[in-house]
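Structure assessment
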Amino acid sequence: MMEESETLESPPTIRTTTESKKPITISLVDKPPDRTGVFTTDPLPSTSRGAGTHTLPHTAHIPVSPPQSLLRSDPKRREKLYKVLVIGDIGVGKTSCVKRYVHRFFSQQYRATIGVDFALKIINWDQNTVIRLQLWDIAGQERFGHMTRVYYKDAIGALIVFDINRMATFEAVTKWKKDLDQKVELPDGKPVPCVLLGNKCDQTRDEQVPEGPRMDQFLRENGFCGYFETSAKDNIGIDESARYLLSKIIENEVPVPAEVDKDRLRLDRPSPNSNAMHTHQQSGTCGC
């Protein structure tokens, strides 16, 4: 009777045999959860093969915990948030450049951007720096021109894009650069770093678009920090131009001064009255 009562309270078991035909009992009791996860003994679903049906063997799954290096955050690792504008005339390929850079994707079926579009790219800049890059794809239509001041706010860099096959879009570059310089600047009053992109370089180039020394002179006169010929379709110059702009943004970044606690006494700095106290003490009088 004792054995029957014990078997009723004992956990479920599976009886099997080995090659020597000796019975072996395997307990299916759930193990208590630990730091690596919960021990589960739920059987896997049955599968069909041919005309018959078989059941997969009963297995236990133990989730493996991630390495401790991934669970611990490095206090020295810095995160930076940068807002970068992508501007230029309609149809020059601004959205295509953003999609190629962020999503590694290109399509011929893009529609004209209405107002503004956003994209976010997270970049491991170096061992101690992570950059969260916000790309603001601004519509190129004239009817959205009055909204640019709102869109440009807090930007610290820009990409101005023109179609290398259409001279008219290159002539509009000076208009976009002037509008940018009038509506946004760095905290120290300097213009934000701006890189010029001649997009669609995989197609036939307009002969009137300057190149070589003429292009270098144009960049200097209009305050561009660099120029890249790009192709969103063939993925030419997209990553290089973005990384170059980020390097210029970091170079122009103004360091944030450390906060000073006014209620804290600085022992490493002499107080204004310390010299007077020292003089009085040498003369044998009180410094009161």
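Residues numbered from 1 in each chain as written. Predicted model: local features only at pLDDT ≥ 70, side-chain atom pairs only at ≥ 80, totals over all residues. Heavy atoms only, no water.

Structural notes on the overall build of the protein
For the protein, the helix and strand inventory stands at nine helices and ten strands. Within the protein, the proportion of its 288 residues that are buried is 32%. Of the contacts formed within the protein by residues at least 6 apart in sequence, a portion of 64% connects residues at least 24 apart. Total accessible area on the protein is roughly 20,100 Å²; 53% of this is exposed by carbon and sulfur atoms. (Helix = DSSP H or I, 4+ residues; strand = E, 2+ residues; numbered from the N terminus. Buried < 20%, exposed > 50% of the residue type's maximum accessible area, 1.4 Å probe, protein only. Contact = heavy atoms within 4.5 Å. Areas by Shrake-Rupley, 256 points an atom, 1.4 Å probe, with all protein chains shown as cover.)

Let's talk about the side chain of serine 241
Note on placement: serine 241 falls in helix H8 (residues 238–251). Residue serine 241 is classed as buried on the basis of its relative accessible area, which comes to 1%. Polar contacts involving the side chain of serine 241 include one to the main-chain carbonyl oxygen of isoleucine 238, which spans 2.9 Å. (Polar contact = N/O pair within 3.5 Å; in protein donor to acceptor, adjacent residues only side chain to side chain.)

What to know about the packing of aromatic side chains
Inspection of the entire model under this criterion finds six aromatic pairs. An angle of 65° between the planes, with centres 5.1 Å apart, marks the rings of phenylalanine 162 and phenylalanine 170 as edge-to-face. For the residue pair phenylalanine 162 and phenylalanine 170, the accessibility class agrees, reading buried in each case. Judged by centre distance (6.4 Å) and plane angle (15°), the ring pair of phenylalanine 162 and tyrosine 227 falls under stacked. Of this pair, phenylalanine 162 sits in strand S8 (residues 157–163) while tyrosine 227 sits in strand S10 (residues 226–229), and the two are 65 residues apart along the sequence. Members of the aromatic cluster, joined through ring pairs, are Phe162, Phe170, Phe218, Phe224 and Tyr227. Note that lysine 121 overlies the ring of tyrosine 101, its terminal NZ or CZ placed 4.9 Å from the centroid. (Phe/Tyr/Trp six-rings, centres within 6.5 Å; stacked < 30°, edge-to-face > 60°. Lys NZ or Arg CZ within 6 Å of the ring centre and 35° of its normal.)

What about H8?
When the terminal C-alpha atoms of H8 are compared, their 20 Å separation across 14 residues agrees well with the 20 Å that a helix rising 1.5 Å per residue should span. Of the residues making up H8, those classed as buried are Ile238, Ser241, Ala242, Leu245, Leu246 and Ile249. For H8, the angular spread of buried residues about the axis comes to 135°, placing them on one side. (Expected span 1.5 Å × (residues − 1). Arc of directions from axis to C-beta.)

As for the pattern of salt bridges
Side chains bearing opposite charge may pair, as long as their charged atoms lie close to each other. In total, this model carries ten salt bridges according to the counting rule given. With a shortest N-O distance of 3.5 Å, lysine 200 and aspartate 163 are connected by a salt bridge. Taken as a pair, lysine 200 in the loop between strand S9 (194–199) and helix H7 (213–222) and aspartate 163 in strand S8 lie far apart in primary sequence, 37 residues in all. For aspartate 163, a relative accessible area of 4% translates into the label buried. The shortest N-O distance in the salt bridge between lysine 183 and aspartate 179 comes to 2.8 Å. With lysine 183 and aspartate 179 both in helix H6 (residues 173–183), this residue pair falls four residues apart, about one helical turn. Where salt bridges share partners, they join Asp163, Arg166 and Lys200 into one cluster. (Salt bridge = Lys/Arg side-chain N within 4 Å of Asp/Glu carboxyl O.)

Some thoughts on the sheet that holds strand S7 (residues 129–138)
Within the open sheet, the six strands sit side by side as S6-S7-S5-S8-S9-S10. Their pairing is mixed. The sheet is open, and its two edges are formed by strand S6 (116–126) and S10, each paired on a single side. In this sheet, adjacent strand axes meet at a mean angle of 25° when their direction is disregarded. By the bridge criterion, ten bridges tie S6 to S7 in an arrangement that is antiparallel. By the bridge assignment for S7, asparagine 124 is matched with valine 130. (Pairing = 2+ DSSP bridges. Axes fitted to C-alpha atoms, helices over the stretch in contact; angles between N-to-C directions.)

Brief notes about the confidence of the model for the protein
In this model, the protein carries a mean pLDDT of 74, and residues with pLDDT of at least 70 account for 56%. Put simply, strand S3 (residues 47–49) is where the protein has its lowest mean pLDDT, 43, and S9 is where it has its highest, 98. Throughout residues 1–9 the model reports pLDDT below 50, and contacts reaching past four residues in sequence, or to other chains, amount to zero contacts. Confidence over residues 27–72 falls short of pLDDT 50; this stretch has 41 contacts with residues more than four positions distant or in other chains. (pLDDT = per-residue confidence, 0-100.)

Topic: the side chain of threonine 169
Along the chain, threonine 169 turns up in helix H5 (residues 167–171). Using a relative accessible area of 3% as the deciding quantity, one classes threonine 169 as buried. Engagement of the side chain of threonine 169 in a polar contact is seen with the backbone oxygen of arginine 166, the distance being 2.7 Å. With sequence-adjacent residues up to four places away left out, threonine 169 is seen in contact with Asp89, Val92, Phe162 and Asp163.

Comments concerning unusual backbone geometry
Positive phi outside glycine occurs at aspartate 154, with the angle close to 70°. Along the polypeptide, aspartate 154 turns up in the loop between helix H4 (148–152) and S8. Phi angles above zero are rare outside glycine, and lysine 200 is one such case at about 65°.

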